[in-house]
Amino acid sequence: MAAGIMDDLRQAFVVAKNEMFKYVRGRKALILAVLILAVWGLATALPYIYGDGLEGSKDSLSMYLGSAWIVIIIIVAMFSSGTIVSEFEDRTALVLFTRPIRKGSIFLGKFIAAYVFGLVAIMIYIALSIVTVLVATGGLPAYIPVAMMFVVVTVFAATGVAMLISSVFKRSSTAAIITFFMLFLITNLISSTLVMMETDPWYMVEIPAMNIYRSLEYGLEFASSWSESQEIMPGVFMPIFQPAYDVARSVAVALAWGLVGLVSSFLLFARKEV
Amino acid sequence: MSKVFGSFVAVDDLDLSIKKNSFTGFLGPNGAGKSTTLKILTNLSKATSGEVFLNGINVAENPKEALHGVGTVVETPEFYDYLTPIETFRYIGEVIGMSPEAIKAQTVEILDKMKMTEWGDKRIGTFSKGMRQRIALGQALLNDPEIIILDEPTSGLDPRGTAEMRQILSTLRAGKENLTILMSSHMLHEVSDLCDRVAMINHGKLLVHDDMDKVIFDDGVRKIVVKTHGDRAEAVKRIGATAHVLSVNALDNEIRVELQGDRVTQAEFMKTLANMDIGIYSVSQSTNTLEQKYLEMIKESR
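In every chain, residue numbers begin from 1 and rise along the written sequence. To label them, take the chains in the order written and letter them from A, then take the ligands in the order written and number them from 1. Totals for whole chains, interfaces and linings use every residue, but because this is a predicted model, local features are given only for residues with pLDDT of at least 70 and side-chain atom pairs only at 80 or more, for both listing and counting. Calculated side-chain values reflect all of the structure's heavy atoms, with hydrogen atoms and water omitted.

Participant: Before we move on, can you summarise the sheet that holds strand E13 (residues 254-260) of chain B with the specific residues and values?
Facilitator: Residues and elements named next belong to chain B. At least two bridges found by DSSP between two strands is the condition for calling them paired. Only DSSP runs of H or I reaching four residues or more are called helices, and only runs of E reaching two or more are called strands; each is numbered from the N terminus. The four strands lie next to each other as E12-E13-E11-E14, forming an open sheet whose pairing is antiparallel. Here the strands that pair on one side only, and so sit at the sheet edges, are strand E12 (245-251) and strand E14 (280-285). Taken over all neighbouring pairs, the strand axes of this sheet differ in orientation by 20° on average, direction set aside. Pairing of strand E11 (residues 221-228) with E14, which is carried by five bridges, proceeds in the antiparallel orientation. Of the residues in E14, the one forming a bridge with Val225 is Ser284. Angles here are taken between N-to-C directions and fall from 0 to 180 degrees, while the axes themselves are lines fitted to C-alpha atoms, restricted in helices to the stretch in contact.

Right, dumping it as structure tokens:
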């Protein structure tokens, strides 16, 4: 029994290794590197173009981490969303699935690769940002480890959603587009509508993503939701609503999104026929 | 077992048991249910009802155990185009738990057998269909399987590729006693040349499954074509006087003989022919016999 489980895990790592190899060897890795550099470059250049440059380590790093969610969305749309569907679309399933390997091992291997790759890619962006802030301001804010914890769970949530979409669609390109719009537009639209109604969308996937940069302000402390009316143009006021900042709840929400996505994805994958 | 897609019955209560150490040809027209059967057998699809076993192990219940020691080429598989054949074999070898040394040794041997040695370190993305098909067969042989399941292995290959693939399969069969091969094919002469047993299906139903000889010569009549550069009238007369010969007809440049009996009878007949000294330069089995049988059975099953 134990030997069987160990062999299943060994096979999962073999699959993960091959997936990582696929990510690194493909042209998409190069495109991602360019996109990460572009986001970092813009975030660095804009304060110097339209202001006095990077001022204050906390505000500066918050600005960089404010773009972390879009970078995560790009990563999972480009990589995680193709991990299941590509086996069927490219017909490589005919080779791998006819081997003595459980579908659970294949799925686990694919998840490990997608998650680790996503985490490493976003960490490269964050490391670049931290070094830039350190060089520009001469210091770093506290609570960076809390922000990193939110990165870890947010990538997990996004990977779960992307893999679920990957199990549903028949084409990698469709899965990539749907993943991007799902995380960038649809969930965002729902959250924005709720916020406009001054309802805390604490259960939405954007909340842990938002807390990546909010954590630099609050750390592990709880912060209640608040609202105020802000003048966006002379005589035009818009209500601004800030959801509550709750570390434990936010981490649980991210884990729930990731787990529900992964379990649903696996159930669909296990039933899928070639 | 049966497999139903909506209202279409792809496999209809198929009961087929493949004889160990046989090379079984799996025949049927397009849409007969061959590929569906092989997919269920290799865990790519699930039977709607019934059970499928490999080496006595239920494939649906325990696919990992059932597929151990099985090599497969189903349809025209694609490979990870960012990998080379050597990397592909390493990946598959690692998945099935082979040691790095065994993978290396087998890779060298298989690439040589598939005549792909010089392509071993080139990315598969650039390969032709024939080359991919050879890699497909190569990966199926990686763990020296006891069972090989092939779904139209020569499909889409050019004549040279087809001949090479057939040669590989023939060598494979001759080189290992403990080997069971199940091969679906549209090429009747290919099945006739390579296989010792044949199973035919149509509309998902099994029509026949038996030794090749019994299927082709179910009436006990073997058709043999003799060519001679000598006096044909004399040859017809002498052949006609041989034991077990039912009829002899001279047609064009060949003599067609109908012989009553089994393989032993045919062997004795060949020996007699060789001793006749009537200018015989070619003796062959009539190649269209499996085709005739196949067409008859398909027609009857409509």
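Picking up after the structure, the text goes on.
Participant: Before we move on, could you go through the nonpolar core and cite the residues and values that matter?
Facilitator: Put simply, buried Ala, Val, Leu, Ile, Met, Phe, Trp, Tyr and Cys residues joined by side-chain atoms within 4.5 Å make one nonpolar core. Only protein chains enter the accessibility calculation, which uses a 1.4 Å probe; a residue is then buried when its area is under 20% of its type maximum, exposed when over 50%, and partly exposed in between. If you look at the biggest cluster of nonpolar residues, it comprises 128 residues, and the most contacted ones within it are Leu32(A), Ile122(A), Leu137(B), Met183(B) and Met200(B). For each domain, the first and last residues come from an automatic or database assignment. Built from parts of two domains, this core gets at least three residues from each of domain 1 (3-212) and domain 2 (217-300) of chain B. Beyond its immediate stretch of four places on either side in the chain, Met183(B) contacts Phe23(B), Thr24(B), Gly25(B), Phe26(B), Leu150(B), Pro153(B), Leu169(B), Glu190(B), Val191(B), Leu194(B) and Cys195(B). In terms of nonpolar packing, the next biggest core, distinct from the first, is built from 20 residues, Met1(B), Leu14(B), Phe26(B) and Val70(B) among them. The contact criterion used is simple: two residues touch if any of their non-hydrogen atoms lie within 4.5 Å.

Participant: Tell me about the interface of chain A and chain B, residues and numbers included.
Facilitator: Facing the 28 residues of chain A at the interface are 32 residues of chain B. Here chain A packs against chain B, burying approximately 3,000 Å² in sum over the two surfaces, 52% of which is carbon and sulfur. Throughout this description, the term salt bridge denotes a Lys or Arg side-chain nitrogen within 4 Å of a carboxyl oxygen of Asp or Glu. Between the two partners, chain A and chain B, sit six salt bridges. For the salt bridge of Lys64(B) with Asp8(A), the shortest nitrogen-to-oxygen distance reads 2.6 Å. Think of a polar contact as two N or O atoms within 3.5 Å of one another; within protein, one of them needs to be a possible hydrogen donor and the other a possible acceptor, and neighboring residues in sequence only count if both atoms come from side chains. At the junction of chain A and chain B, the tally comes to 20 residue pairs in polar contact (both at pLDDT 80 or more). Looking at the side of chain A that touches chain B, the elements with two or more residues in it are helix H1 (2-25) and helix H6 (93-96) of chain A. Examining the composition of the side of chain A that touches chain B, we find that 12 residues originate from one element, H1(A), more than from any other. Two parts placed together each lose some accessible area under a 1.4 Å probe, and adding up what both lose gives the buried area.

Participant: With reference to specific residues and values, describe the side chain of Thr159(A).
Facilitator: Residue and element names in this part refer to chain A. Along the chain, the position of Thr159 falls in helix H8 (residues 144-168). Given a relative accessible area of 0%, Thr159 falls into the buried group. Apart from residues lying up to four places away in sequence, Thr159 is in contact with Val76, Ser80, Phe111, Ala114 and Tyr115.

Participant: Please provide a residue-by-residue account of helix H11 (residues 247-271) of chain A, values included.
Facilitator: Note on helix geometry: an α-helix contains 3.6 residues per turn, so any two residues three or four positions apart are oriented the same way. All names here are of chain A. Helix length check: H11 (25 residues) gives 36 Å between terminal C-alpha atoms against 36 Å at 1.5 Å per residue, within 8%. Listing the buried residues of H11 in full gives Val247, Ser250, Val251, Val253, Ala254, Gly258, Gly261, Leu262, Ser265 and Phe269. In this structure, the buried residues of H11 make contact with helix H5 (85-89), helix H7 (103-137), H8 and helix H10 (206-218). Of the residues flanking the start of H11, the one acting as N-cap is Asp246, its side-chain oxygen 3.4 Å from the backbone nitrogen of Ala248. In a helix, the anticipated span is given by 1.5 Å times the number of residues less one.

Participant: Help me get a handle on the environment of Met204(A), residues and values and all.
Facilitator: Residue and element names in this part refer to chain A. Tracing the chain through its elements places Met204 in the loop between helix H9 (172-196) and H10. Met204 sits in the buried class, given a relative accessible area of 6%. Placed 14 residues apart in sequence, Met204 and Ile190 show a C-alpha to C-alpha distance of 8.4 Å.

Participant: I'd love a proper account of the environment of Gly28(B), names of residues and values included.
Facilitator: All names here are of chain B. With respect to the helices, strands and loops of the structure, Gly28 is situated in the loop between strand E3 (23-27) and helix H1 (34-41). When the C-alpha positions of Gly28 and Asn202 are compared, they lie 5.6 Å apart, and in sequence the two are 174 residues distant. The contacts of Gly28, once residues within four sequence positions are left out, are Lys34, His186, Ile201 and Tyr294.

Participant: Account for the pattern of salt bridges, naming residues and giving values.
Facilitator: Residues and elements named next belong to chain A. This structure, assessed with the given rule, holds 27 salt bridges over all chains. Here Lys110 ties to Glu87 by a salt bridge, and the two come within 3.0 Å at their closest N and O atoms. Of this pair, Lys110 sits in helix H7 while Glu87 sits in helix H5, and the two are 23 residues apart along the sequence. Side by side, Lys110 and Glu87 carry an identical accessibility label, which is buried.

Participant: Report on the packing of H8(A) against H9(A), specifying residues and quantitative values.
Facilitator: All names here are of chain A. For the pair H8 and H9, the least separation of the axes is 9 Å and the interaxial angle reads 140°. Our classification of the angle between H8 and H9 gives oblique. Remark: the crossing between H8 and H9 carries right-handed chirality. Here H8 contributes Ala158, Val161, Ala162, Ile165 and Ser166 to the contact with H9, which in turn contributes Ala175, Ile178, Thr179, Met182 and Leu183. Residues that form the contact of H8 with H9 fall into these classes: eight nonpolar, two polar and no charged. The cut-offs work like this: below 35 degrees is roughly parallel, past 145 is roughly antiparallel, 65 to 115 is roughly perpendicular, and the gaps in between are oblique. Take the far helix as the reference: if the near one is turned anticlockwise from it by less than a right angle, the crossing is left-handed, and if turned clockwise, right-handed. Nonpolar residues are Ala, Val, Leu, Ile, Met, Phe, Trp, Tyr, Cys and Pro. Charged residues are Asp, Glu, Lys and Arg, and all others, Gly as well, are polar.

Participant: Tell me about unusual backbone geometry, and please be specific about residues and values.
Facilitator: All names here are of chain B. Look at Asn55: it is not a glycine, yet its phi comes out positive at around 50°. When you line up the elements, Asn55 lands in the loop between strand E4 (53-54) and strand E5 (57-58). For Asn55, a relative accessible area of 47% corresponds to the partly exposed category. The phi dihedral of Glu152 falls on the positive side, at around 45°, and the residue is not glycine. In this structure, Glu152 sits in the loop between strand E7 (147-151) and helix H6 (159-175).

Participant: An account of the packing of aromatic side chains is requested, with residue identities and associated values reported.
Facilitator: Residue and element names in this part refer to chain A. Whether two aromatic rings pair depends on their centres lying within 6.5 Å, for rings of Phe, Tyr and Trp, where Trp uses its six-membered ring; planes under 30 degrees apart make the pair stacked, over 60 edge-to-face, and the rest tilted. Inspection of every chain in the model, using the stated rule, returns 19 aromatic pairs over all chains. Relative to Phe79, the ring of Tyr23 lies with its centre 5.2 Å away and its plane at 80°, an arrangement referred to as edge-to-face. Taken together, the residues span a long stretch of sequence, with Tyr23 in helix H1 and Phe79 in the loop between helix H4 (68-78) and H5 at a distance of 56 residues. In terms of burial, Tyr23 and Phe79 fall into one category: buried. Consider the rings of Phe88 and Phe97, whose centres lie 5.5 Å apart with planes at 75°: the pair is edge-to-face. Relative accessible area serves as the criterion here: at 4%, Phe97 is assigned to the buried category. Through a chain of ring-to-ring contacts, the aromatic side chains of Phe88, Phe97, Phe107, Phe266 and Phe269 assemble into a single cluster. Both a distance and an angle decide whether a charge sits over a ring: NZ of Lys or CZ of Arg must be within 6 Å of the ring centre and within 35 degrees of the ring normal. Seen from the ring of Phe269, Lys103 lies directly overhead, with NZ or CZ sitting 5.5 Å from the centre. Above the face of the Phe88 ring, Lys272 is positioned so that its terminal group lies 4.9 Å from the ring centre.

Participant: Go over the confidence of the model for chain A with me, naming the residues and quoting the values.
Facilitator: Overall, the prediction assigns chain A a mean pLDDT of 93, with 100% of residues at 70 or greater. Per-residue confidence from the predictor is reported as pLDDT, a score between 0 and 100. Within chain A, no element has a lower average pLDDT than strand E1 (residues 226-233) of chain A, which sits at 78, and none a higher one than H8(A), at 98.

Participant: Any details on the domain arrangement of chain B? Residues and values, ideally.
Facilitator: All names here are of chain B. Structurally, chain B comprises domain 1 (3-212) and domain 2 (217-300). One C-alpha centre belongs to domain 1, the other to domain 2; they are set 35 Å apart. Each partner contributes to the interface: domain 1 provides 12 residues, whereas domain 2 provides five residues. Summing the contributions of domain 1 and of domain 2, the shared interface buries around 860 Å²; its carbon and sulfur component is 80%. Inspection of the region where domain 1 meets domain 2 yields zero salt bridges. Here domain 1 and domain 2 share zero residue pairs in polar contact (both at pLDDT 80 or more) between them. Among the secondary structure elements, those contributing two or more residues to the side of domain 1 that touches domain 2 are helix H7 (188-194), strand E9 (197-202) and strand E10 (205-211). Residues of the side of domain 1 that touches domain 2, tallied by class, amount to nine nonpolar, three polar and no charged.

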